[in-house]
Amino acid sequence: METDTAPGDSPAVPTASSPDEEQRQYLEREINKHLHIFLVLRTQLNTLAPIARLPPELLSEIFLEHAIQCEAEHDKRPKNVYIAYYAWVRVTHVCRHWHDVATHCPRLWNRILVTRAQWAQPMLDRSKSLPLSVKAVIPDSPPERGWRYNWNTGRVRAERKMEAMQLILTALPRIRHFSINARKDLLEKMWPAVNGPAPLLRTLFISYVDEGRRWTEDDVSIPTALLSDQLPDLQQVELRLCVFRWRKETFPATLRSLIITRPRGPLPVTADMLSILENLPLLEHLALEHAIPIITEDFEFVGSELKSVEHIVPLPHLRVLCLTSLLMTDCAHLLHHLSFPPSTMLALHGGFESVEGAVVLASVLATKLAGAEPLRMLSVQRDGIHGALSTEGLCMLGSRTVCAFDAPPPPPSLELAFSALANAHYVTVAETLCARLPLAHVAALQVATRRLAFPALPHAWLDAFAQIAGLARLRASAASADGLFAALCWRTGDAADADAELFLPRLQTLELDSVWFGSEDRTKREFAVELQRCLAERRERGAPIRELVLTDCVNMNAEDVEPLKELVEVVRWDGSVQFVPDEEDNAGFAFPHEEFM
């Protein structure tokens, strides 16, 4: 068969005018036409579904509720896993109707978790003119991935997020809630772009990633566009490991919540701190962690009373005050210069170098708590709440409401978490605080310190709690019960006076938790014998214990419980029987709720 092509030449490609190409184009047009008809019919069929008959307004509310649930699910995961946060976007892929409803609902798109620029721009556009809520974690390096984490990928993601942040910051006038957690070097690169007004900004959270870098005078401060007294609606500020300048002009008078944690750079002097707080009359929540002035001068006393100071800053709306410092005397010094409602919840964390520091703090607290509703419940426990303190520490929680010891504790009105430094012993500090704080109206007391926290002597109980004469319920755990029974039989007046009142004369309920009743072979029963002797003596002197509760006790069985029923009206025992070797033979044993250290 002859052809017009020379040997070695390729066959001629059909041109646009060739019959084959025309036929192909015709078929493609027909396919597209029928696909369009198919999609139209599919859309009409979808409209027959019951959910498709919902008004767009109601469907938008359903989408919004789903988006809120996705955000809540994201909060349970690492902050950089954004897939859960944006899982609600799948509703736009269900059908054309849902897509149109979702994309025309601005409230769905005004909560932005920063990922990359190509996602940020559609959200800015679809949110229209609504105020924005912006969250960013830069870079993302999930600790659970460990050595398998690709740090080069993390660097690329950080660059993408920084690019997205630059785009989002162009909408700074629309931002109402702004939260960012990033490395110091990345933030310092971003701050120059924050130069416009932010009239809608209401909440601000900035956290520097702690990389162990020291502060220098060349560090860039948070820009005034985000933190200054020119922001008319700023109400909540939280700064962690941040670099900023302590000035009166730093915070607006509209502020209601101020939380500063371990700021970098020099701390303010007392005069500057008071000047800043004086400009915040609406403040309701104030938390300063290692962000308060460090004092060098001693407190002055007039007799046994602490001398008053001239400069006192009123904070009439304050509801929560949390102060943390290396030394409790620094907290007491700032506290002494503040005036706030008696109902304010106080949380103070720090250490004591001497018992004199406890005297100072107790004197300041007694002044601030004067006129307040008295504390009704007190708990002295091992410091398991704030791990930053020394292991040789205690936490005291006071509440104005009373509940059962096994029930969820009520919100504390007073929280003191402290460790002992230098020549101070934390037990002696606790005794001093309890003896000087206004605790006369406490009706329920719980002492749940770790083993050997209280010495096995009655004076520790007497010195600490003698003023709580109206105490009705007492719970002691583990070795904190050492010395208790001798104290409960102690006469507060002349020991030779038969009519002298006993220690805690109105005590009705005694709860013992995780106490050691004796040795496993039952040759040592001092604790059980002391308990029986205590109960019998109080009954003879007219101050009997009406109810005895025993839980998780060690080396105790029904044989030990039976004699107690003859001395107490109600004995509640959980039936727990657990025998272990004597502690001298097994120093590694731990009580169910306590630990040997």
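Residues numbered from 1 in each chain as written. Predicted model: local features only at pLDDT ≥ 70, side-chain atom pairs only at ≥ 80, totals over all residues. Heavy atoms only, no water.

### Concerning the environment of Val-571
Take Val-571: it is sitting in strand S21 (residues 570-573). In this structure, the C-alpha to C-alpha distance between Val-571 and Leu-548, residues 23 residues apart in sequence, is 4.8 Å. With sequence-adjacent residues up to four places away left out, Val-571 is seen in contact with Leu-548, Val-561, Leu-564 and Lys-565. (Helix = DSSP H or I, 4+ residues; strand = E, 2+ residues; numbered from the N terminus. Contact = heavy atoms within 4.5 Å.)

### Details of the pairing of strand S20 (residues 547-551)
Summarising burial for S20: four of the five residues are buried, a large majority. Bridge count between strand S19 (residues 509-513) and S20: five bridges; the pairing is parallel. The residue of S20 that forms the bridge with Leu-510 is Leu-548. Note that S20 and S21 share four bridges and pair parallel. What sits directly across from Leu-548, in S21, is Val-571. Traced from S20 through helix H14 (residues 558-565) to S21, the parallel crossover comes out right-handed. (Buried < 20%, exposed > 50% of the residue type's maximum accessible area, 1.4 Å probe, protein only. Pairing = 2+ DSSP bridges. Right-handed = clockwise from strand over helix to strand, strands pointing away.)

### Re the pattern of salt bridges
Per the stated rule, a full pass over the model turns up 18 salt bridges. The salt bridge involving Arg-183 is made with Asp-185; its shortest N-O contact spans 3.0 Å. One salt bridge connects Lys-184 with Glu-188, and the closest N-O pair in it is separated by 3.0 Å. A residue pair is termed a helical-turn pair when its members lie 3 or 4 positions apart in one helix, as Lys-184 and Glu-188 do in helix H6 (residues 184-190) at four residues. Across this residue pair, the class does not change: Lys-184 and Glu-188 are buried. Salt bridges here are not isolated pairs; linked through shared partners, they connect Glu-21, Arg-24 and Glu-28. (Salt bridge = Lys/Arg side-chain N within 4 Å of Asp/Glu carboxyl O.)

This is a description of form; function is not addressed.
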